[in-house]
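Report on the structure
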Amino acid sequence: MVEPLAVGIVGAGYWGRNLIRNFSTSPDWQLAWVCDKDQKLAASRVEAMPAVRVTGEFSEVLSDETVDAVAIATPVGTHYELAMAALTAGKHVLVEKPLVATLAEGERLVAFAAEHDLRLMTDHTFCYTAAVRYIANMVDSGELGTFHYLDSVRINLGLVQPDVDVFWDLAPHDLSILDFILPDDIEAVSVSATGADPLGIGKATLGYLSIGLSTGAIANVHVNWMSPVKVRHTIVAGSKKMIVWDDNNPSQRVSVYDVGITTQNDAESRLRRLVGYRTGDMVAPALADTEALSLMVGEFAAAITEHRDPLTSGADGLAVLRILDAARRSLAQGGGPVAVGATT
Ligand SMILES: NC(=O)c1ccc[n+]([C@@H]2O[C@H](COP(=O)([O-])OP(=O)(O)OC[C@H]3O[C@@H](n4cnc5c(N)ncnc54)[C@H](O)[C@@H]3O)[C@@H](O)[C@H]2O)c1
């Protein structure tokens, strides 16, 4: 039997509470510390767990030599400082999405973790859901055919975040899913972003991202904190099959349509724009209902003990930041396409 690893969680707010529940019930982990600036809040989260120590000072967690790893669930603007301090103290680090608040910080963090041979993981929670794994498997196995597009809608009456706009809050989900399911030979090359600030609070509260891919395919992401209804709807289309993922429909989250549009490739057909429609069955696969976060914390432990990159690594967090940074630059110049990875 392998000894569980000791973890300290910093940030016991809305999402930290979910991490506390999953780390504390995982056989791979021993929850050693919960840290929050609001020490009363931290204490209230672990009332029924007397062995867990509570503090308002992160340095206390870091100076505990028995702690192997920390998980960071504080506001985005604090991620870099806390993660860097933890890596400097020799701890493995899990950071909530988005990894950090700027691309430059992300690059420094990923490089530092690699130099010091420490695991850096980003909590891209959706990559641990059965739905996303199913979709990724369909792309990977060739069953979907050539990747045509992704179209994702993530809208609700959302909490307006104090330190980030709606793109940095909600789009990391869609962008991490895109990065996870795309074949390795397809990459995001450009981003056009449009956002609006109807509340006049100095940041976009709704917006659209159009991501150009290296094959000419596109991915479209719509995020909105000001929608009267909650929609979590993604279409992933290929030349052979099309998938509809409705995360708000637990009895049929994923529907796979055997439909397609075919064209003849001879000059005459192209000239007359002849297309054929293929319609076949729709299949709704049975998917496991395991909580994604429980798989995520298991993967963090496995990556540490097996001395390998986690499934959603710091580098994957960086891939998301590259698109968010391009979106930021596109917004600043009024919405036109900008190159992913450029620096101006
Ligand atoms: N993976 C997901 O699906 C998901 C969902 C929601 C939020 N998140 C992420 O989780 C993080 C936290 O979001 P939230 O909604 O829980 O925020 P929150 O405001 O509810 O909680 C943040 C907590 O961090 C504490 N805190 C802030 N700075 C601190 C510091 N320096 N030291 C100790 N404690 C500190 C605050 O007191 C607060 O209790 C964000 O990065 C967010 O993007 C991820």
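In what follows, the structure referred to is the one given above.
Residues numbered from 1 in each chain as written. Predicted model: local features only at pLDDT ≥ 70, side-chain atom pairs only at ≥ 80, totals over all residues. Heavy atoms only, no water.

Comments concerning the site of the ligand
Our working rule: What makes a residue near a molecule or strand is one non-hydrogen atom of that residue sitting within 4 Å of it. For the purposes of these results, a polar contact is taken to be a pair of N or O atoms within 3.5 Å, where, inside protein, one atom must be able to donate a hydrogen and its partner to accept one; residues adjacent in sequence count only when each atom of the pair is a side-chain atom. Here, Shrake-Rupley sampling with a 1.4 Å probe gives the accessible areas, and only protein chains in the shown set may cover a residue. Each helix is a run of H or I in the DSSP string that is no shorter than four residues. Each strand is a run of E no shorter than two, and both are numbered from the N terminus. Think of it as three bins: nonpolar holds Ala, Val, Leu, Ile, Met, Phe, Trp, Tyr, Cys and Pro, charged holds Asp, Glu, Lys and Arg, and polar takes everything else, Gly as well.
Near the ligand, the surroundings consist of 18 residues, among which Trp15, Asp36, Glu96, Lys97 and Thr125 are the closest. Note that an oxygen atom of the ligand is positioned 2.6 Å from one of the side-chain N or O atoms of Asp36. Backbone polar atom of Lys37 to a nitrogen atom of the ligand: 3.1 Å apart, as the coordinates give it. For the ligand, whose free accessible area comes to 860 Å², the fraction covered by protein is 80%. For the shell around the ligand, the secondary structure elements donating two or more residues are helix H1 (14-25) and helix H4 (76-88). Considered class by class, the residues forming the shell around the ligand number seven nonpolar, six polar and five charged.

As for the pattern of salt bridges
Selection criterion: A carboxyl oxygen of Asp or Glu within 4 Å of a side-chain nitrogen of Lys or Arg is what we treat as a salt bridge. Think of it in three bands: residues with accessible area under 20% of the maximum for their type are buried, residues over 50% are exposed, and the middle band is partly exposed, with areas taken using a 1.4 Å probe on protein chains only.
Going through the model one piece at a time under the given rule, you end up with 12 salt bridges. Linking Glu306 and Arg308 is a salt bridge whose minimum nitrogen-to-oxygen distance equals 2.7 Å. Residue Glu306 is classed as partly exposed on the basis of its relative accessible area, which comes to 49%. As a salt-bridge pair, Asp325 and Arg328 come within 2.8 Å of each other at their nearest N and O atoms. Here the residue Asp325 and the residue Arg328 both occupy positions in helix H10 (residues 314-332), the gap between them amounting to three residues, near one helical turn. The exposure class assigned to Asp325 is buried, which follows from its relative accessible area of 7%. Through salt bridges with shared partners, a single network forms among Asp247, Arg253 and Asp289.

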